[in-house]
Amino acid sequence: MMRSRLASILRSLAASLSRETITTESHPLDGCDENALHATMMEERKDLIKAWRDSEDTFIKTIIQVTSLLIGLAAGFLTQSTSKIFPNSLLYLIYFFVFSASSLLLSMVEFLFSAKANRDQQKNLEAYYTKKTKVVKEPWANLFVKICQFGAFVTFFLAIAFLSFFAVTQTQERLNEQTQQSTTTATAPTTTTTAPAPTTASPPTTASPPTTTTAVGAGSKQ
């Protein structure tokens, strides 16, 4: 019993000593100037925000460029291609144009709200540093920027998906049509036309001359 109690006491002392060493461990930035730390933090934060905004702008520009290119290629295919559009794949093509136009529209609206958010943020910072306000509020346009970015990405993904569905369905329908045509050609009955036998014309029949009968009358009186 005494040994077990002594062991538990030693374990508790070791645990308390380890906690003290953990709590008393110094931070790498201990002893640095607080103002210098704040200035460094704000500088790094500004760089990270700038990189984040640049990546967002690049993403939206890429969506606009790729969507415009796909719409141009699809329009050129429809105007210059001689192959017919099958009914099963036509609906996918319509969906592609609808979601592509929606993606372009949302990307352009995102640019407008982004410019609005930057102007509002600049005004809020000027009001804060001139002590006209105590709180820097987030511009309301940032919410619409996020909504437009998400909507542009979703509609762009759907446009690519429906374009892929159109290509696959169009190819499958064309293969089915070729298979049906080959099957119909193989099973079609072959009809042979026999030329009519030549007919020999019979010689014309000559009509016999009419026979005249002369009646012999009685003798003449003397």
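The rules behind each value
- Going along each chain's sequence as written, the residues are numbered from 1 onward.
- Only residues with pLDDT of at least 70 are given local features in this predicted model, and only at 80 or more are side-chain atom pairs given and counted; all residues enter the totals for whole chains, interfaces and linings.
- For side-chain calculations, the full set of non-hydrogen atoms in the structure is used, while hydrogens and water are omitted.
- Helix and strand assignments follow DSSP, with helices taken as H or I runs no shorter than four residues and strands as E runs no shorter than two, numbered in order from the N terminus.
- Relative accessible area decides the class of each residue, using a 1.4 Å probe on protein chains only: under 20% of the type maximum gives buried, over 50% gives exposed, and in between gives partly exposed.
- Contacts are assigned to residue pairs that have any heavy atoms within 4.5 Å of one another.
- Values of accessible area rely on a 1.4 Å probe in the Shrake-Rupley scheme; residue burial ignores everything except the protein chains shown.
- A cavity here means a set of 1 Å grid points, computed over protein atoms only, where a 1.4 Å probe fits but cannot escape. A pocket is an open set with protein on both sides within 12 Å along at least 5 of 7 lines, and lining residues have an atom within 4 Å of a point.
- Grid points are joined across faces, edges and corners, and a volume is the space filled by probe spheres set on the points.
- All residues other than Ala, Val, Leu, Ile, Met, Phe, Trp, Tyr, Cys, Pro, Asp, Glu, Lys and Arg, Gly among them, are scored as polar; the first ten of these are nonpolar and the last four charged.
- Lines fitted to C-alpha atoms define the axes here, with helix axes fitted over just the stretch in contact, and angles between the N-to-C directions of these axes take values from 0 to 180 degrees.
- By definition in this entry, angles of less than 35 degrees are roughly parallel, angles greater than 145 are roughly antiparallel, angles of 65 to 115 are roughly perpendicular, and the rest are oblique.
- Should the near helix be turned anticlockwise from the far one by less than a right angle, the crossing is termed left-handed; should it be turned clockwise, right-handed.
- Salt bridges are identified by distance alone: a Lys or Arg side-chain nitrogen within 4 Å of an Asp or Glu carboxyl oxygen.
- Pairs were defined over the aromatic rings of Phe, Tyr and Trp, the Trp ring being its six-membered one, requiring ring centres within 6.5 Å. Orientation was assigned from the angle between planes: stacked under 30 degrees, edge-to-face over 60, tilted for the rest.
- Take the residue count of a helix, subtract one, and multiply by 1.5 Å to get its expected span.

A. Up close: the overall build of the protein. Of regular secondary structure, the protein possesses 4 helices and 0 strands. The linear arrangement of helices and strands in the protein, starting from the amino end, is α-α-α-α. Taking all 222 residues of the protein together, the buried fraction comes to 15%. Considering only contacts within the protein whose residues lie at least 6 apart along the sequence, 77% involve residues at least 24 apart. Put simply, the protein shows about 18,300 Å² of open surface, and 64% of that area lies on carbon and sulfur atoms.

B. Here's a closer look at the layout of surface pockets. Empty space within the largest pocket amounts to approximately 860 Å³. Lining the largest pocket are 26 residues, and of these R45, I49, R53, Q121 and L125 sit closest to its centre. Of all the secondary structure elements, the ones that give two or more residues to the lining of the largest pocket are α2 (34-80), α3 (87-129) and α4 (141-187). Looking at which element gives the most residues to the lining of the largest pocket, the answer is α2, with 10 residues. Of the residues contributing to the lining of the largest pocket, the split by class is 10 nonpolar, 6 polar and 10 charged.

C. Quick peek at the packing of α2 against α3. Taken N-terminus to C-terminus, the directions of α2 and α3 make an angle of 150°; their axes are 10 Å apart at the nearest point. For the element pair α2 / α3, the angle class is roughly antiparallel. Taken as a pair, α2 and α3 cross one another with a handedness that is left-handed. In this structure, α2 uses R53, I60, K61, I63, I64, T67, S68, L70, I71, A74, A75 and L78 to contact α3, whose residues at the interface are L93, F96, F97, S100, A101, S103, L104, S107, E110, F111 and N118. Split into classes, the residues belonging to the contact of α2 with α3 amount to 14 nonpolar, 6 polar and 3 charged.

D. Broad picture of the environment of F144. In this structure, F144 sits in helix α4. The sequence separation of F144 and S114 amounts to 30 residues, and the corresponding C-alpha distance is 8.5 Å.

E. Spotlight on the side chain of D120. Tracing the backbone shows D120 in helix α3. In this structure D120 touches P139 and W140, once residues within four positions along its chain are discounted.

F. Molecular detail of the pattern of salt bridges. Scanning the model with the defined rule gives 1 salt bridge in all. The shortest N-O distance in the salt bridge between D120 and K116 comes to 3.6 Å. Of the two residues, D120 and K116 both sit in helix α3, 4 residues apart, roughly one turn of that helix. Here D120 falls in the buried class, since its relative accessible area comes to 13%. By relative accessible area, which is 28% here, K116 ends up partly exposed.

G. Structural context of the environment of F157. For F157, the location among the structural elements is in helix α4. As a C-alpha pair, F157 and S103 span 54 residues in sequence and 9.1 Å in three-dimensional space.

H. Quick peek at the packing of aromatic side chains. Counted by the stated rule, this structure contains 10 aromatic pairs. For the ring pair F162 and F165, a centre distance of 6.0 Å and an interplane angle of 85° mean the geometry is edge-to-face. Within this pair, F162 and its partner F165 are both found in helix α4, separated by 3 residues, close to a single helical turn. Each member of the aromatic cluster is reached from another via a ring pair, and the members are Y92, Y95, F99, F162 and F165.

I. Representation of α3 in the model. Counted at 1.5 Å a residue, the expected span for α3 with its 43 residues is 63 Å, and the 64 Å between its end C-alpha atoms agrees. Among all positions in α3, only S89, L93, F96, S100, S103, L104, S107, E110, S114, A117, D120 and A127 are buried. Count one or two residues on from α3 and you reach K131, which has phi positive near 65°.

Just geometry here; none of it tells us what the structure is for.
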